[in-house]
Amino acid sequence: METKRDFLKKLSLLTVGGFMAGSVAPVLASTKNSPTVAGKKVVGLQIYSLGKELTDNVPSGMKRIAEIGYSTIELAGYGNRKMGQYDVGEYRKIVDDAGLKITSSHVNPPERKFTKENVTKISDFWKQAVEDHVKLGVKSLVQPMMPSIENHEDAKLVCEVFNNAGEISKAAGINWGYHNHNMEFKRIAKPGETPPSGPFASFIPFGDIIYDLLLAGTDPKLVFFEMDVYWTVMGQMDPLEYFEKHPTRFPVLHIKDRSVLGQSGMMNFENIFKKAYSNGLSEYFVEIEKIKADMTQFEGVKQCFDYLNNSSFVK
Ligand code: MG
């Protein structure tokens, strides 16, 4: 009889095998969001969106997330080898009992500035984090905050550390990714280059965009990019241009707006979804940070779900 352990082992072998075949997109596409559950859309939620409203009572909060209609969650709050106050196994059981599935988790390493001296510490951290996340049952592990990058040398070291984290994760059957805010779209001068100055300096492109250095310096077989489409727009960049240029590197997205999805007029979600699907989007997570004063986080999270559920461009 096949034990649960055998089954999990087979799953991770499949993932690793897919990666070794050389392309990230086809592997992740096999778990692509599709209306397979009795016509229900598979919508994911980054639980950071709920803040204290969730952490005050996790079991009841998880049930509320499922009742709204979400199917999967991406964690935030892993630290000291625990999820908040819970052991990882205990936390997984609470989520399972609510009928949700943990597919991803945001985790930051203990250092913000990577140096030759602390890379081993960071690598050891990822080994532990991966061990714990195998227990949580995730497909993806994602670093959500940018390490300090002030020049090309910093960027090169960050890429090495990311590749290493990707390798550690891959060995356990977990995909490792990076999530952006807007600071990744800042430019840094090329070695020896002087940045433009004068009253119109900000209109003159120079050097390299940090995000582009991260895309170029990381191995596509080890590191994927979870683009936060709102923060990309806030960085004055067009998500579609990135999808066009790097079709296999954005299998997972953060679907976010200034507040409730679809209300700001800043985000063209129809174009974003269309292009992302054609690139083989694997999954996405709704995120809401700034909530309107007259609304609870749960109400905001519900309105975001309703927006996607009622949008014909979302499969
Ligand atoms: Mg985000």
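Provided above is the structure to which this section pertains.
A few points on the structure. Keep in mind it's a predicted model, so treat the numbers as computed, not measured. (Residues numbered from 1 in each chain as written. Predicted model: local features only at pLDDT ≥ 70, side-chain atom pairs only at ≥ 80, totals over all residues. Heavy atoms only, no water.)

### Section: the coordination of the magnesium ion
Now for step 1: Looking at the magnesium ion, the protein donor atoms are His179 (NE2), Asp228 (OD), His254 (ND1) and Glu287 (OE), and they sit 2.0 to 2.2 Å from it.
Now for step 2: Along the chain, the residues donating to the magnesium ion are arranged with the sequence spacing H-x48-D-x25-H-x32-E. Note that Asp228 is positioned in strand E11 (residues 223-228) and Glu287 in strand E13 (residues 283-287), a separation of 59 residues in sequence.
Now for step 3: A relative accessible area of 4% means that Glu287 is categorised as buried. (Donors = N, O, S within 2.8 Å, 3.2 Å for Na, K, Ca; no water. Helix = DSSP H or I, 4+ residues; strand = E, 2+ residues; numbered from the N terminus. Buried < 20%, exposed > 50% of the residue type's maximum accessible area, 1.4 Å probe, protein only.)

### Some points on the packing of aromatic side chains
Now for step 1: Enumeration according to the criterion identifies 22 aromatic pairs in this entry.
Now for step 2: Seen in terms of ring centroids, Phe162 and Trp176 are 5.0 Å apart; in terms of plane orientation they differ by 50°. Their pairing is tilted. Taken together, the residues span a long stretch of sequence, with Phe162 in helix H7 (residues 152-171) and Trp176 in strand E8 (residues 175-179) at a distance of 14 residues. For the pair Phe162 and Trp176, one class covers both residues: buried. (Phe/Tyr/Trp six-rings, centres within 6.5 Å; stacked < 30°, edge-to-face > 60°.)

### A short note on the sheet that holds strand E1 (residues 44-46)
Now for step 1: Sheet architecture is closed into a barrel: eight strands sit in the order E1-E2-E6-E7-E8-E11-E12-E13, paired in parallel fashion. Between one strand and the next, the sheet's axes are offset by a mean angle of 30°, whatever the strand orientation.
Now for step 2: Here strand E12 (residues 252-256) runs beside E13; their pairing, made up of five bridges, is parallel. Within the sheet, the bridge partner assigned to Leu253 lies in E13 and is Tyr284.
Now for step 3: Packing against the sheet, helix H6 (residues 119-136) makes contact with strand E2 (72-76), strand E6 (101-106), strand E7 (140-143) and E8, and its axis sits at approximately 140° to E7. (Pairing = 2+ DSSP bridges. Axes fitted to C-alpha atoms, helices over the stretch in contact; angles between N-to-C directions. Contact = heavy atoms within 4.5 Å.)

### As for the environment of Asn309
Now for step 1: Locating Asn309 in the fold gives a position in helix H12 (residues 297-309).
Now for step 2: The spacing of Asn309 and Val43 is 266 residues in sequence and 8.4 Å in space, taken between C-alpha atoms.

### Overview of the sheet that holds strand E4 (residues 82-83)
Now for step 1: Spatially, the three strands line up as an open sheet ordered E3-E4-E5, and their pairing is antiparallel. Bordering the open sheet on either side are strand E3 (78-79) and strand E5 (86-87), each of which pairs with just one other strand.
Now for step 2: Bridge count for E3 against E4 is two bridges, and the pairing is antiparallel. The residue bridging Gly79 from the neighbouring strand is Lys82, located in E4.

### Quick word on the pairing of E11
Now for step 1: For E11, the tally of buried residues reaches six of six residues, placing the bulk of the element in the interior.
Now for step 2: Here E11 shows two buried faces, one formed by Val223, Phe225 and Met227 and the other by Phe224, Glu226 and Asp228.
Now for step 3: Sheet analysis places E8 next to E11, joined by four bridges and oriented parallel. Of the residues in E11, the one forming a bridge with Tyr178 is Phe225.

### A short note on the packing of H7 against helix H8 (residues 210-217)
How two helices pack is summed up by the angle between their axes together with the distance between the axes.
Now for step 1: Axis separation between H7 and H8 bottoms out at 9 Å; the angle between their running directions is 45°. Judged on the interaxial angle alone, H8 and H7 are oblique. By crossing handedness, the relation of H7 to H8 is classed as right-handed. Between H7 and H8, the residues in contact are His152, Ala155, Val158, Cys159, Phe162 and Asn163 and Leu213, Leu214 and Gly217, respectively.
Now for step 2: Taken together, the residues of the contact of H7 with H8 sort by class into six nonpolar, three polar and no charged. (Parallel < 35°, antiparallel > 145°, perpendicular 65-115°, else oblique. Left-handed = near helix turned anticlockwise from the far one by under 90°. Nonpolar A, V, L, I, M, F, W, Y, C, P; charged D, E, K, R; others polar.)

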